[in-house]
Amino acid sequence: MSGDDPRMRLATLAETAGDSLAALSRMLRRNPAYLQQYVKRGSPRILPEAERRLLADHFGVEETVLGAPQAQPPAVVAVPRLSVAASAGPGRTGESERRLRDVMLERSLLREAGVAAADASIIDARGDSMAPGILDGDRLLVDGADRRVDAAGGIFVVRLADDLLVKRLRRDRDALIVASDNPAYPDRTVPMIDADVRGRVKLLIRKPR
């Protein structure tokens, strides 16, 4: 048996606490040899749930220590939807970021997008400067932990002065090239120090139109 085996863990817990396996068996209303057979022979192969719970309570440990299956993470996760909208246009001024409500997204969706749940938020896009890829009213899943802009670039949410924008950014030495996908909007260059990159857009959520 390895040290990770529930039978070895039980034997170690009993020895540390000064409890005999026979006494513990009687606590479970079993014959005195019950837990000795479990530890030495693996019979029963798995302790019944009720007995496992009693032993875990007795020793003050989690039931998983004694062989209970690990709890499965929920299939969905709550992602905060923020009150701000990132402009895909000339800019939106003076909005404060506050949590409106939670949007439930499938955990697998976040995993595929490469976003940790703790770093994810959802904001709205407004305007047409990123059309046709991002349209007015689209919701954007933003990874707040991914703020590094390199020469290859990507689509980010960035605050420039009082304007919160969703733009295609790429780094050029100590400056950022701020570009729109819509050719009607010209590119511009801003010093890195003037840009507050809030996160990378990892997923677009579009409602049926």
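How each quantity is defined
Residues numbered from 1 in each chain as written. Predicted model: local features only at pLDDT ≥ 70, side-chain atom pairs only at ≥ 80, totals over all residues. Heavy atoms only, no water. Axes fitted to C-alpha atoms, helices over the stretch in contact; angles between N-to-C directions. Helix = DSSP H or I, 4+ residues; strand = E, 2+ residues; numbered from the N terminus. Parallel < 35°, antiparallel > 145°, perpendicular 65-115°, else oblique. Left-handed = near helix turned anticlockwise from the far one by under 90°. Contact = heavy atoms within 4.5 Å. Buried < 20%, exposed > 50% of the residue type's maximum accessible area, 1.4 Å probe, protein only. Pairing = 2+ DSSP bridges.

Asks: For the packing of helix α1 (residues 6-17) against helix α3 (residues 34-41), give the residues involved together with the corresponding values.
Replies: Across the interface, α1 lies against α3 with an axial gap of 8 Å and an inter-helix angle of 130°. In terms of axis orientation, α1 runs oblique to α3. The chirality of how α1 crosses α3 is left-handed. When α1 is examined against α3, the residues Pro6, Arg7, Leu10 and Ala11 are found in contact with a partner set consisting of Leu35, Tyr38, Val39, Lys40 and Arg41.

Asks: Account for the pairing of strand β4 (residues 139-143), with residues named and values stated.
Replies: Burial within β4 is extensive, with five of its five residues counted as buried. Burial along β4 is two-sided: the residues Arg139, Leu141 and Asp143 and Leu140 and Val142 are all buried. Sheet analysis places strand β3 (residues 120-126) next to β4, joined by five bridges and oriented antiparallel. Across the sheet, residue Asp124 finds its bridge partner in β4, namely Arg139. Two elements, β4 and strand β9 (residues 195-205), share five bridges in a ladder whose sense is antiparallel. Following the sheet pairing, Arg139 is matched in β9 by Ile205.

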